[in-house]
Amino acid sequence: MLCWAGEVSYSARVGPWAPLYPAAPRRSSAKMAAAAAAGGAADAQARFGHSVKGLLTEKVTSCGTDVIALTKQVLKGSRSAELLGQAARNMVMQEDAILHSEDSLRKMAIITTHLQYQQEAIQKNVEQSSNLQDQLNHLLK
């Protein structure tokens, strides 16, 4: 028979026919009769109580161990959930940084195009000014 923590119960270990207390050492029949008459019932009760206390102590210890193991698993699970949440927050922050970088790159591309237009305009003006300077030099001669 299985108990709560997967342990085998006492009756399943020794069989239902076995007594719940250990066998007493063999005595002569006269001594046994005297012992049985005097305190046999009290002795049997004490042994039974001691056996039950031992089983109860064993079960409490087993349950305590199971509670400790369960607590460790819960803490490990909560720590895993905490790390997963932190990773998700970090990923969102990285995604925001990537989006901001893309936006900056688009703006820089637009600025680069404008600068190229301005450079072309300046080159045309320089060419025209050198042509005008040549024409002025030619007129002044």
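Residues numbered from 1 in each chain as written. Predicted model: local features only at pLDDT ≥ 70, side-chain atom pairs only at ≥ 80, totals over all residues. Heavy atoms only, no water.

## Quick notes on the overall build of the protein chain
Of the regular secondary structure elements, the protein chain holds 2 helices and 0 strands. For the protein chain, with 141 residues in total, the buried portion stands at 3%. Of the roughly 12,300 Å² of accessible surface on the protein chain, 65% is carried by carbon and sulfur atoms. (Helix = DSSP H or I, 4+ residues; strand = E, 2+ residues; numbered from the N terminus. Buried < 20%, exposed > 50% of the residue type's maximum accessible area, 1.4 Å probe, protein only. Areas by Shrake-Rupley, 256 points an atom, 1.4 Å probe, with all protein chains shown as cover.)

## Thoughts on a nonpolar patch on the surface
A cluster of nonpolar side chains, namely Leu136, Leu139 and Leu140, defines an oily patch on the protein surface of about 390 Å² accessible area. Relative to the helices and strands, leucine 140 is located in helix α2 (residues 29-140). On the basis of relative accessible area, leucine 140 is assigned to the exposed category, the value being 70%. (Patch = residues over 30% accessible without salt bridge, like charges linked within 9 Å, V, L, I, M, F, W, Y side chains within 5 Å. Salt bridge = Lys/Arg side-chain N within 4 Å of Asp/Glu carboxyl O.)

## Thoughts on the confidence of the model for the protein chain
Per-residue confidence for the protein chain gives a mean pLDDT of 77; residues scoring 70 or more make up 66%. Predicted confidence is poor over residues 1-22, with pLDDT under 50, and the contacts of this stretch with residues over four places away or in other chains come to 28 contacts. (pLDDT = per-residue confidence, 0-100. Contact = heavy atoms within 4.5 Å.)

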